Amino acid sequence: MGITDMQEAFYYRECAAAHENSPLGLHYAMFLPTINKQATPEQKKKWLPLAENYKMIGTYAQTELGHGTFIRGLETTATYDPKTKEFILDSPTLTSKKYWPGCLGKTSNHCVVMAQLYTQGKSHGPHMFMVQIRSMEDHSVLPGIEVGVIGNKFGYGTNDNGFLSFDKLRIPRENMLMRYSQVGRIPRENMLMRYSQVSRIPRENMLMRYSQVHEDGTYVKPQNAKLAYGSMVLIRSSIVSDAARGLAQACVISIRYSAVRRQTEAYPGGEEPQILDYQTQQYRLFPLLASAYSLQLAGKYVFNTYLEVNDQIEKGNLESMPELHALSAGLKAFSTYEASAGIEVCRICCGGHGYSQASGLPKIYVDVVPGCTYEGENTVMMLQTARYLMKCYSRAKQGQKLPGFVQYIGQNLNKKSCMSEEVALGCLVMAYEHRAARLVEAAAMRMQSLIQGGKKQHEAWNGSSVQLFWAAKAHCHLFCVKNFVDAIQAKSLSSKTVTVMKSVCQLYGVHGILENLGEFMQDGFFSGEQVGYLQRKMLALFENIRPNAVALVDAFDYPDMVLGSCLGRYDGQVYQALYDYAKSAPMNQTEIHSTYYKHLKPLINPETTSDAMQFAKL
Ligand SMILES: CCCCCCCCCCCCCCCCCC(=O)SCCNC(=O)CCNC(=O)[C@H](O)C(C)(C)COP(=O)(O)OP(=O)(O)OC[C@H]1O[C@@H](n2cnc3c(N)ncnc32)[C@H](O)[C@@H]1OP(=O)(O)O
Ligand SMILES: Cc1cc2nc3c(=O)[nH]c(=O)nc-3n(C[C@H](O)[C@H](O)[C@H](O)COP(=O)(O)OP(=O)(O)OC[C@H]3O[C@@H](n4cnc5c(N)ncnc54)[C@H](O)[C@@H]3O)c2cc1C
């Protein structure tokens, strides 16, 4: 199709197989990008054409039975043998077995393996290695490897998440992904290996863009050890849009259905209203619609930031890595939490039919909810963002200038809200800034007081982690509000679009405050009277948005084929579609089901049980 944008290509493939998750998903979402970003030019030349043409089919094998979050705790080892110029890959314990990688069990013939690098008797932490696990001729599993699927999951049925272990498997030194770190006495041209490289898989198999192992086993470390985490940062930056897409699709289904569905006479003998006219339905759905727009905009922002920072990294400038890590980790967590919770509300808003697979909502939910876990468990990711916020706080207190999106930190907190009946966008942003600044300061103060009270740094961190989590969440929420406001103030929008989108944006901001009122009121920033303004505004915004609600979900432009929903059909023929869905159920293809003969007939008609037994044998 000539699609060059990575995210667009991913979305296109998802649409083409809208009712299944592709068993090649990890190949194009993680395996290809890892080769692209972490391999040396020589490695890319060798592997990319094979991978792009689906000869090499691969995945990203990092998580183990015993460790997922704590990457430095991984137990798989890659020990360099300078005599043979190979790495020896080993899974020394039960807990060191790789467990969870998608598309690993049956589909992949290769994988990028994250393993602890040992050379010259020293450990150098987790590094990546290219490992062939199945034959390219007949797909049989290669010697020294055990691989299989992990069994049924919450969803993702067509994605063969697997387990994998190595029994002293040798791979060439060249298989270490060495762009950034290196091991070995290497040819001069390998000095291009930009950040680090090593080698008894062929040494060539370590993904060497970031660190290197020379032929004699010498280790060259990368400019920054976290460069090896680059593939995770890419996917975290992409997941925000993916979560937004899931929430937006659920909103399309639930809002369209709410415009078709009628229930309960408005007054005795009166017409039954569309359920979308019930204020309580609007209270649950319209803020989610606003959230879907906000997360889409945030997703665009973070992915563009990823591209920009990546560009700088390519040029050797790593300065913005911490900001990108903090932004992508926090927004990945914030967006997947919001989307997962929101999709469930959309389902509930469809009543009984929402529980049917025909609604399309269960599939969307099980696709989005693992985003809270994969690519970094959400709480852990929020705490990574909090770690960055704490550093910013201390820099602000030392009078240093902070980068754009954290400049609010350390601001004067002795302010009152400027909120008036009109609910200006500027006052909304100010409120979110105040809340985030206060929660960042409260978490920092808590840490400080625990340390002053004699706690060690790590104890103080754990003892403050709930407040750190609150601070990170408030920071991400502020980012989404501010980014939404900036987007609707962009000059390129028509005035009609701005009028409609301003209401949606205001609702996002107002509803977020009312849902988290304690955090905005604890220090008296808002008065009770101002809360009244916000409550009235929210109800007024529902009326404002109602005439445009269906158009606002149509604007997402998801075809029926992608939604896969009887309830969310563009033509509104919900009841016919549900009835057709029921009629086509496999159980309706015979008048009497076999279980009647096996189980029911012996109860209803015991004297003819022998007939039933005979049928069961058949
Ligand atoms: C292709 C494109 C398009 C595709 C579209 C895709 C759309 C999405 C669709 C989804 C499909 C995907 C399918 C599912 C894939 C799932 C794959 C996986 O789960 S795979 C498995 C995923 N698994 C996980 O995600 C595991 C999660 N765990 C981790 O990432 C790490 O263990 C950790 C970050 C928690 C700690 O790491 P640790 O080494 O212990 O580090 P310390 O704590 O000691 O911190 C030291 C310093 O380092 C800093 N720093 C850290 N990271 C970074 C970074 N990236 N950078 C910069 N800095 C970073 C940190 O802030 C700190 O700074 P300072 O304060 O000192 O200044
Ligand atoms: C559908 C799916 C697909 C996946 N695909 C892949 C893949 O392709 N490749 C791959 O390598 N992996 C994959 N994974 C694994 C995934 O990346 C890990 O499960 C994830 O990183 C979380 O790690 P964990 O399971 O060790 O969770 P744990 O860390 O064991 O989390 C359990 C609980 O402990 C808490 N916790 C842990 N550490 C801390 C801390 N420091 N502070 C506070 N709380 C903490 C967490 O918040 C959580 O509540 C996949 C997982 C799923 C569900």
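Small disclaimer: the values here were computed from a predicted structure and weren't measured.

Chemist: What am I meant to see in the site of ligand 1 here?
Modeler: Taken together, 32 residues form the shell around ligand 1, and within it Thr-69, Arg-72, Tyr-229, Arg-387 and Lys-391 come nearest. One of the backbone nitrogen or oxygen atoms of Ile-71 is found 3.4 Å away from an oxygen atom of ligand 1. Gly-376 is positioned such that a nitrogen or oxygen atom in its backbone is 2.9 Å from an oxygen atom of ligand 1. Against a free-state accessible area of 1400 Å², the protein chains account for coverage of 85% of ligand 1. Residue assignment for the shell around ligand 1 shows that the elements contributing at least two residues are helix H1 (6–16), helix H2 (25–38), helix H4 (230–260), helix H6 (321–348) and helix H8 (378–397). A total of six residues in the shell around ligand 1 trace back to one element, the largest contributor, which is H4.

Chemist: Explain the site of ligand 2 to me, please; I cannot follow it from the model alone.
Modeler: The local shell around ligand 2 holds 19 residues, among which Tyr-60, Thr-63, Gly-68, Thr-69 and Glu-377 are the closest. In this structure, Tyr-60 approaches ligand 2 through a main-chain N or O atom, which is 2.9 Å from a nitrogen atom. In the environment of ligand 2, an oxygen atom lies 3.0 Å from a nitrogen or oxygen atom belonging to the backbone of Gln-62. Contact with the protein chains covers 62% of the free accessible surface of ligand 2, which is 970 Å². Ranked by residues supplied to the shell around ligand 2, first place goes to H8 with three residues. The class makeup of the residues in the shell around ligand 2 is eight nonpolar, nine polar and two charged. If you count residues domain by domain, the shell around ligand 2 takes at least three from each of domain 1 (58–223) and domain 2 (231–386).

Chemist: Just to check I follow, could you spell out the state of the cysteines for this structure?
Modeler: Think of a disulfide as a covalent bridge from one cysteine sulfur atom to another cysteine sulfur atom. The tally for this structure, following the rule as stated, stands at one disulfide. The disulfide partner of Cys-418 is Cys-427, and the S-S distance across this bridge is 2.2 Å. Every disulfide takes its handedness from the sign of the S-S torsion; for Cys-418 and Cys-427 that torsion is -135°, giving left-handed. Judged by relative accessible area, which is 39%, Cys-418 ranks as partly exposed.

Chemist: Is there a simple way to think about the UniProt feature "domain: Acyl-CoA oxidase C-terminal" (unreviewed entry) in the chain in this case?
Modeler: Under the feature "domain: Acyl-CoA oxidase C-terminal" (unreviewed entry), the UniProt entry names residues 427–605. Annotated as 74% helix and 0% strand, the span residues 427–605 places its first and last C-alpha atoms 74 Å apart.

Chemist: How should the confidence of the model for the chain be read in this particular structure?
Modeler: Interpretation of the predicted coordinates at a detailed level should be avoided for regions scoring low in pLDDT. Overall, the predicted model of the chain reaches an average pLDDT of 93, with 93% of residues at or above 70. The low-confidence segment residues 185–200 (pLDDT under 50) makes 122 contacts with residues lying over four places distant or belonging to another chain. The complex prediction reports pTM at 0.94, with the ipTM value standing at 0.98.

Chemist: Could you clarify how one ought to interpret unusual backbone geometry in this entry?
Modeler: When glycine is set aside, most residues are seen to have a negative phi, and most peptide bonds are trans. Unusually for a residue other than glycine, Lys-85 sits at a positive phi of about 55°. Mapped onto the secondary structure, Lys-85 falls in the loop between strand E2 (77–81) and strand E3 (86–90). For Lys-85, a relative accessible area of 35% corresponds to the partly exposed category.

Chemist: Would you explain the UniProt feature "domain: Acyl-coenzyme A oxidase N-terminal" (unreviewed entry) in the chain in this entry?
Modeler: In the numbering adopted here, UniProt assigns the feature "domain: Acyl-coenzyme A oxidase N-terminal" (unreviewed entry) to residues 5–57. Secondary structure content for residues 5–57 is 70% helix and 0% strand, and the end C-alpha separation is 21 Å.

Chemist: Sorry, what's going on with the environment of Phe-405 here?
Modeler: Inspection of the secondary structure puts Phe-405 in the loop between H8 and helix H9 (425–452). Overall, the relative accessible area of 22% leaves Phe-405 in the partly exposed class. Between the alpha carbons of Phe-405 and Asn-516 there is a distance of 21 Å; along the sequence they are 111 residues apart. In this structure Phe-405 touches Glu-323, Leu-327, Tyr-388, His-475 and Phe-479, once residues within four positions along its chain are discounted.

Chemist: Can you help me understand the sheet that holds strand E4 (residues 98–99) in this one?
Modeler: Two pairing modes exist for strands in a sheet, parallel and antiparallel, and in both the strands are linked by backbone hydrogen bonds. Here we have three strands laid out as an open sheet, ordered E4-E8-E7, and antiparallel in their pairing. The open sheet has two edge strands, E4 and strand E7 (145–149), and neither has a second partner. Examined bridge by bridge, E4 and strand E8 (residues 162–166) share two bridges and lie antiparallel to one another. When the sheet's bridge partners are listed, Lys-98 is paired in E8 with Leu-164.

Chemist: Would you explain empty space enclosed by the protein in this entry?
Modeler: Remark: the empty space left among the atoms is shown by a probe the size of a water molecule rolled over them. The computed volume of the largest cavity comes to approximately 40 Å³. In terms of lining residues, the largest cavity is bounded by Ile-239, Asp-242, Ala-243, Thr-336, Asp-367, Val-368, Gly-371 and Tyr-374. Elements supplying a minimum of two residues to the lining of the largest cavity: H4 and helix H7 (361–368). At three residues, the largest contribution of residues to the lining of the largest cavity is made by H4. For the lining of the largest cavity, a count of residues per class yields four nonpolar, two polar and two charged.

Chemist: I'm lost on the environment of Asn-414 in this one. Help?
Modeler: By secondary structure assignment, the location of Asn-414 is in the loop between H8 and H9. When the C-alpha atoms of Asn-414 and Gly-524 are compared, they prove to be 9.6 Å apart, with 110 residues separating the residues in sequence.

Chemist: I tried to follow the domain arrangement of the chain on my own but got confused; where do I start?
Modeler: Where interface size is quoted, it is often the accessible area lost as the parts come together. Under the domain assignment used here, the chain contains domain 1 (58–223), domain 2 (231–386) and domain 3 (590–618). Using C-alpha coordinates to define each centre, domain 1 is positioned 34 Å away from domain 2. Of the residues lining the interface, 13 residues belong to domain 1; the matching set on domain 2 comes to 15 residues. Of the roughly 1000 Å² buried between domain 1 and domain 2 on both sides combined, carbon and sulfur atoms contribute 58%. One can count one salt bridge joining domain 1 with domain 2. The shortest N-O distance in the salt bridge between Glu-314 and Arg-179 comes to 2.7 Å. Where domain 1 touches domain 2, the interface holds three residue pairs in polar contact (both at pLDDT 80 or more). Residues that form the side of domain 1 that touches domain 2 fall into these classes: six nonpolar, four polar and three charged.

Chemist: When you look at the layout of surface pockets in this model, what are you seeing that I'm missing?
Modeler: Space inside the second largest pocket adds up to approximately 500 Å³. Only helix H5 (279–314), H6, helix H10 (457–488) and helix H11 (495–515) provide two or more residues apiece to the lining of the second largest pocket. Broken down by element, the residue count for the lining of the second largest pocket peaks at six residues, all from H6. Looking at the lining of the second largest pocket residue by residue, the class counts come to nine nonpolar, six polar and five charged.

The rules behind each value
- Residues numbered from 1 in each chain as written.
- Chains lettered and ligands numbered in written order.
- Predicted model: local features only at pLDDT ≥ 70, side-chain atom pairs only at ≥ 80, totals over all residues.
- Heavy atoms only, no water.
- Near = heavy atom within 4 Å.
- Polar contact = N/O pair within 3.5 Å; in protein donor to acceptor, adjacent residues only side chain to side chain.
- Areas by Shrake-Rupley, 256 points an atom, 1.4 Å probe, with all protein chains shown as cover.
- Helix = DSSP H or I, 4+ residues; strand = E, 2+ residues; numbered from the N terminus.
- Nonpolar A, V, L, I, M, F, W, Y, C, P; charged D, E, K, R; others polar.
- Domains from an automatic or database assignment.
- Disulfide = S-S within 2.5 Å.
- Buried < 20%, exposed > 50% of the residue type's maximum accessible area, 1.4 Å probe, protein only.
- UniProt positions renumbered as here; feature names shortened; annotations may be inferred.
- pLDDT = per-residue confidence, 0-100.
- Contact = heavy atoms within 4.5 Å.
- Pairing = 2+ DSSP bridges.
- 1 Å grid on protein atoms, 1.4 Å probe; cavity = no way out; pocket = protein on both sides within 12 Å on 5 of 7 lines; lining within 4 Å.
- Points joined across faces, edges and corners; volume = space filled by probe spheres on them.
- Buried area = accessible area lost by both parts, 1.4 Å probe.
- Salt bridge = Lys/Arg side-chain N within 4 Å of Asp/Glu carboxyl O.

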